[in-house]
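Chain by chain, the residues:
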Amino acid sequence: MSSLNCGKFLTVVLVVAITLYLYIQRSENMRNTENDKQQYVKESPMMQSVEQKFEFSDGQCHKGDPGLSDAWIKETFKEFLRVYDQKLGFNQGGSKLAHQFALYAMVKHLQPLHVIESGIYKGHGTWILRQAAPQAQLIMLDPNGGGLVYKDTKNSSLYMTGKAFKDFAQVDWKSMNLDMDRTLVFIDDHQSGIRRALEARNAGFRHLMFDDNYAIRQGDNYSFKMACPVYFNHTDYREEQFLDSFGQVKRQMTIKDVEVTRYVYDKGIETYFEFPTPWKIEETKRAVFQGVEYETLKSQYSGLCREQNWSSEYRNICYVKLADSTVDKTENDNMLKSLTRKTR
């Protein structure tokens with residue numbers, strides 16, 4: 001055999017060997033992952049009825065009923081567009097039409113006495129909140145204090161921004177005597193949604209909304225949408241990352257993170273609802289209006305034509321109703337510590 005042919009032969013053998021090695025390693029990883037999951041199922045009673053508690057269909061997770069009929073959503077969307085036409089201008093870098101509608105609709109539905117907004121950016125969301133709840137107390141949290149295009153002037157409004165900023169988890173909410181059953185917490189701060197849910201539950205809140213509810217491998221925080229495939233074992237958790245604080249916290253997920261995810265989904269929440277998009281942008285997304293019905297609506301409201309790029313910034317805004325706040329705080333704290341643990 002010539003040296004040239006020998007070299008080719010060795011190259012082929014090497015490629016085959018590497019391919020075989022990678023295949024064996026992946027198979028071993030998959031077996032280990034499945035063993036971990038089976039061990040967790042065996043040890044945790046939370047896992048015994050997973051599929052009965054949560055549903056997954058049309059690319060979305062569902063749990064419970066938020067009480068919003070399709071007919072009510074349609075009528076509220078038309079009402080919202082009349083408000084949206086008066087809006088403060090294009091919200092560059094902030095939430096767009098679909099998310100602002102979801103926020104408006106949920107506030108209209110819940111009729112809260114207090115709304116906490118964690119992350120206010122330029123104030124567009126605050127303005128939407130005020131249109132939906134003229135009499136509610138608004139409490140705004142943001143480390144930045146300037147650049148607002150809208151600042152609420154109602155006497156009961158409270159701004160914890162700039163030098164007066166406190167993180168949501170650091171505020172002594174109990175001292176403020178809020179009616180927790182009539183308070184909505186709107187999270188738009190790019191922190192882990194799963195972590196924020198645990199913190200909110202510790203404080204006694206029931207009603208949450210998450211703006212930055214990114215799908216898996218798309219965002220900068222471990223959100224409910226990102227956690228859904230982990231919950232249902234639709235992805236190998238070892239190939240995913242836990243993200244927090246605008247993605248500045250990043251580490252490989254472990255079985256402990258899966259345990260926290262299942263704790264939050266199974267024991268921490270009563271309702272999880274992803275709002276439909278105004279019109280269809282993906283086959284897996286439920287839309288408020290479709291076809292001729294949407295075209296007719298678009299011709300009537302200039303607001304639908306104003307923001308052509310909103311669909312690329314849709315991030316599965318969702319409503320979460322937490323389980324009864326009579327929570328085992330020790331268990332909740334342990335889950336929170338596990339999620340926020342530091343790794344080398």
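What you are looking at is a predicted structure, and each value in this text was computed from that prediction instead of being measured. (Residues numbered from 1 in each chain as written. Predicted model: local features only at pLDDT ≥ 70, side-chain atom pairs only at ≥ 80, totals over all residues. Heavy atoms only, no water.)

## A few points about the overall build of the protein chain
Scanning the protein chain from terminus to terminus reveals 11 helices and 11 strands. A burial count over the protein chain gives 51% of its 344 residues as buried. For the protein chain, contacts bridging at least 24 residues in sequence account for 70% of all contacts bridging at least 6. Here the protein chain has roughly 17,100 Å² of accessible surface; of this, 50% comes from carbon and sulfur atoms. (Helix = DSSP H or I, 4+ residues; strand = E, 2+ residues; numbered from the N terminus. Buried < 20%, exposed > 50% of the residue type's maximum accessible area, 1.4 Å probe, protein only. Contact = heavy atoms within 4.5 Å. Areas by Shrake-Rupley, 256 points an atom, 1.4 Å probe, with all protein chains shown as cover.)

## Topic: the packing of helix α6 (residues 193-203) against helix α11 (residues 329-339)
Contact geometry of α6 with α11 gives a least axis separation of 10 Å together with a crossing angle of 155°. Between α6 and α11, the interaxial angle falls into the category roughly antiparallel. Taken as a pair, α6 and α11 cross one another with a handedness that is left-handed. Every residue of α11 that contacts α6 at Ile194, Arg195, Leu198, Glu199, Arg201 and Asn202 is listed here: Lys329, Asn332, Asp333, Met335, Leu336 and Leu339. (Axes fitted to C-alpha atoms, helices over the stretch in contact; angles between N-to-C directions. Parallel < 35°, antiparallel > 145°, perpendicular 65-115°, else oblique. Left-handed = near helix turned anticlockwise from the far one by under 90°.)

## Describing helix α3 (residues 70-84)
An α-helical turn contains 3.6 residues, so any two residues separated by three or four positions project in the same direction. The end-to-end C-alpha distance of α3, which contains 15 residues, comes to 20 Å, matching closely the 21 Å that a straight helix rising 1.5 Å per residue would cover. All of the buried residues in α3 are Ile73, Thr76, Phe77, Phe80, Leu81, Val83 and Tyr84. Projected down its long axis, α3 carries its buried residues within an arc of 150°, all on one side. (Expected span 1.5 Å × (residues − 1). Arc of directions from axis to C-beta.)

## Re the state of the cysteines
For the structure on display, the rule yields 1 disulfide. Each disulfide pairs two cysteine sulfurs, and for Cys61 the partner residue is Cys228, the sulfurs being separated by 1.4 Å. Across the S-S bond of Cys61 and Cys228 the torsion is about 65°, and the bridge reads as right-handed. Of the two residues, Cys61 sits in strand β2 (residues 60-62) while Cys228 sits in helix α7 (residues 224-231), which places them 167 residues apart along the sequence. Under the relative-accessibility criterion, Cys228 is labelled buried at 2%. (Disulfide = S-S within 2.5 Å.)

## Regarding the environment of Met176
Topologically, Met176 is positioned in the loop between β5 (158-161) and β6 (183-187). Exposure remark for Met176: the relative accessible area of 24% places this residue in the partly exposed category.

## Side note on the packing of aromatic side chains
The relative placement of two aromatic rings is captured by the distance of their centres and the angle of their planes. Enumeration over the complete set of coordinates arrives at 14 aromatic pairs. Taking 5.6 Å as the distance between ring centres and 55° as the angle between the ring planes, the aromatic pair formed by Phe80 and Phe101 counts as tilted. Highlighted residues: Phe80 in helix α3 and Phe101 in helix α4 (residues 97-110), separated in sequence by 21 residues. Look at Phe80 and you get buried, because its relative accessible area is 0%. Judged by its relative accessible area of 0%, Phe101 falls in the buried class. Aromatic rings pair up to connect Phe77, Phe80, Tyr84, Phe101, Tyr104 and Phe289 into one cluster. Above the ring of Tyr159, the side-chain terminus of Lys151 is found at 5.1 Å from the ring centroid. (Phe/Tyr/Trp six-rings, centres within 6.5 Å; stacked < 30°, edge-to-face > 60°. Lys NZ or Arg CZ within 6 Å of the ring centre and 35° of its normal.)

## Side note on unusual backbone geometry
Its identity is not glycine, yet Tyr121 carries a phi of approximately 50°, on the positive side. Locating Tyr121 in the fold gives a position in the loop between β3 (114-118) and α5 (124-132). Unusually for a residue other than glycine, Arg217 sits at a positive phi of about 65°.

## A short note on the pairing of strand β4 (residues 137-142)
Of all the 6 residues making up β4, 6 are buried; the element is thus mostly covered by neighbouring parts of the structure. Along β4, one buried face is formed by Gln137, Ile139 and Leu141 and the opposite face, lined by Leu138, Met140 and Asp142, is buried too. Direction of pairing for β3 relative to β4: parallel, over a ladder of 5 bridges. Paired with Ile116 across the two strands is Ile139, which belongs to β4. One crossover worth recording links β3 to the parallel β4 by way of α5, and it is right-handed. Summarising the sheet, β4 and β5 pair through 4 bridges and their orientation is parallel. Looking at the pairing, Ile139 lines up with Leu158 of β5. (Pairing = 2+ DSSP bridges. Right-handed = clockwise from strand over helix to strand, strands pointing away.)

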